[in-house]
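Architecture and fold: a report
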Amino acid sequence: MTIGEACCIRILDLCDEYNLKLNGLSNLCGITQSTLNNIKSGKSTNPTISTIKKICDGLSISIVDFFDDPVFDNLDPEIK
């Protein structure tokens, strides 16, 4: 799994945890829904740290909390 795929899974898991749809997350975090849709669909394969920070701020979690999840434990090497 790539870091982009793991970020997508984590974002969707957080939506479930906070009982939000992507539209609600978009409004809460000040991110366009199209950005979140692109992450979900795989069009955006590497969400920026700025986008992740906005998600964290909107959910009142730290970046450490975002990445402290088992989904990030076994990522594919990015450099081959």
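An account of the accompanying structure is given in this report. (Residues numbered from 1 in each chain as written. Predicted model: local features only at pLDDT ≥ 70, side-chain atom pairs only at ≥ 80, totals over all residues. Heavy atoms only, no water.)

Comments concerning the side chain of aspartate 69
Summarising the element assignment, aspartate 69 is placed in the segment after helix H5 (63-67). A relative accessible area of 18% places aspartate 69 in the buried class. Separated by 3.4 Å, the side chains of aspartate 69 and arginine 10 make a polar contact. (Helix = DSSP H or I, 4+ residues; strand = E, 2+ residues; numbered from the N terminus. Buried < 20%, exposed > 50% of the residue type's maximum accessible area, 1.4 Å probe, protein only. Polar contact = N/O pair within 3.5 Å; in protein donor to acceptor, adjacent residues only side chain to side chain.)

Concerning the nonpolar core
The biggest cluster of nonpolar side chains holds 20 residues, and the ones touching the most others in it are Leu25, Leu36, Ile55 and Phe66. What isoleucine 55 contacts, discounting residues up to four positions off in sequence, is Ile11, Leu25, Cys29, Ile31 and Leu36. (Core = buried A, V, L, I, M, F, W, Y, C linked by side-chain atoms within 4.5 Å. Contact = heavy atoms within 4.5 Å.)

Here's the deal with helix H2 (residues 22-29)
All buried positions along H2 are accounted for by Leu22, Leu25, Ser26 and Cys29. Projected down its long axis, H2 carries its buried residues within an arc of 105°, all on one side. Contacts from the buried residues of H2 go to helix H1 (3-17), helix H3 (33-41) and helix H4 (49-59). Following H2 by one or two positions, glycine 30 adopts a phi angle in the positive range, close to 70°. (Arc of directions from axis to C-beta.)

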